[in-house]
Amino acid sequence: MTLNNYQFSCARLDQARYLFCFGAFTGFRHCDAHSLLPEHIQNEIIHKNNIKIKREVKIPPNKHAKAILNKYIGEPYTLKQISYQKANDYIKDCLEEIVSDEHFKEGQVFKHKVIIRKVSRQKVTEKAVNSIKQ
């Protein structure tokens, strides 16, 4: 929600964030969210052929996904089209901007720890580390 609610300084970061968050809120992969058209939305339900499984899925968007869709009413595509590679780069830029924001104190943005898992032959080790590298 930090990513979804943050006020970014440039439009490309906003667009990448909305594409990423829309996928998180609906379960769509990048390719499905990327190709979403206004015609796919009927009676507040998203009817879309899933590219990977080649079947139609029907997704009732939650309030966060609806808010993102409302930002792009009247556009030819429901969300801004960004390549998968560029979207990943922009999301990294988004997170760097959030972390470097002077209004956020250290550890305030991402409070959870991340599990680092290493597998070496048959030995598996896991270690919990802070989510932001120092």
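Calculation rules
- Residues numbered from 1 in each chain as written.
- Predicted model: local features only at pLDDT ≥ 70, side-chain atom pairs only at ≥ 80, totals over all residues.
- Heavy atoms only, no water.
- Axes fitted to C-alpha atoms, helices over the stretch in contact; angles between N-to-C directions.
- Helix = DSSP H or I, 4+ residues; strand = E, 2+ residues; numbered from the N terminus.
- Parallel < 35°, antiparallel > 145°, perpendicular 65-115°, else oblique.
- Contact = heavy atoms within 4.5 Å.
- Nonpolar A, V, L, I, M, F, W, Y, C, P; charged D, E, K, R; others polar.
- Buried < 20%, exposed > 50% of the residue type's maximum accessible area, 1.4 Å probe, protein only.
- Phe/Tyr/Trp six-rings, centres within 6.5 Å; stacked < 30°, edge-to-face > 60°.

Caption draft 1: Main features of the packing of helix α2 (residues 11–26) against helix α5 (residues 84–100). Their axes nearest at 9 Å, the elements α2 and α5 cross at an angle of 105 degrees. Judged by the angle between their axes, α2 and α5 are roughly perpendicular. Where α2 abuts α5, its residues Arg12, Leu13, Ala16, Arg17, Leu19 and Phe20 lie against Ala87, Tyr90, Ile91, Asp93, Cys94 and Glu97. Grouping the constituent residues of the contact of α2 with α5 by class yields 8 nonpolar, no polar and 4 charged.

Caption draft 2: Representation of unusual backbone geometry in the model. Positioned with a positive phi, lysine 54 is a non-glycine residue whose angle comes to about 55 degrees. Structurally, lysine 54 can be placed in the loop between β2 (45–50) and β3 (55–59). Backbone geometry at arginine 121 places phi at a positive 55 degrees, although glycine is not the residue there. The class for arginine 121 is exposed, based on a relative accessible area of 83%.

Caption draft 3: The packing of aromatic side chains, seen in detail. Under the defined criterion, the tally for this structure stands at 3 aromatic pairs. Pairing tyrosine 6 with phenylalanine 8 gives two aromatic rings, centres 4.8 Å apart and planes at 55 degrees, and the pair type is tilted. Across the pair, exposure class does not vary: tyrosine 6 and phenylalanine 8 are buried alike. A centroid spacing of 6.1 Å and a plane angle of 40 degrees characterise the contact between phenylalanine 22 and phenylalanine 28, whose relative ring orientation is tilted. The class for phenylalanine 22 is buried, based on a relative accessible area of 0%. Looking at phenylalanine 28, the relative accessible area reads 8%, which means it is buried.

Caption draft 4: Main features of the environment of tyrosine 90. Within the element layout of this structure, tyrosine 90 appears in helix α5. In the structure, tyrosine 90 is positioned 75 residues away from glutamine 15 in sequence and 9.0 Å away in space, judged by C-alpha atoms. When neighbours within four sequence positions are excluded, tyrosine 90 is seen to be in contact with Arg12, Leu13, Ala16 and Ile82.

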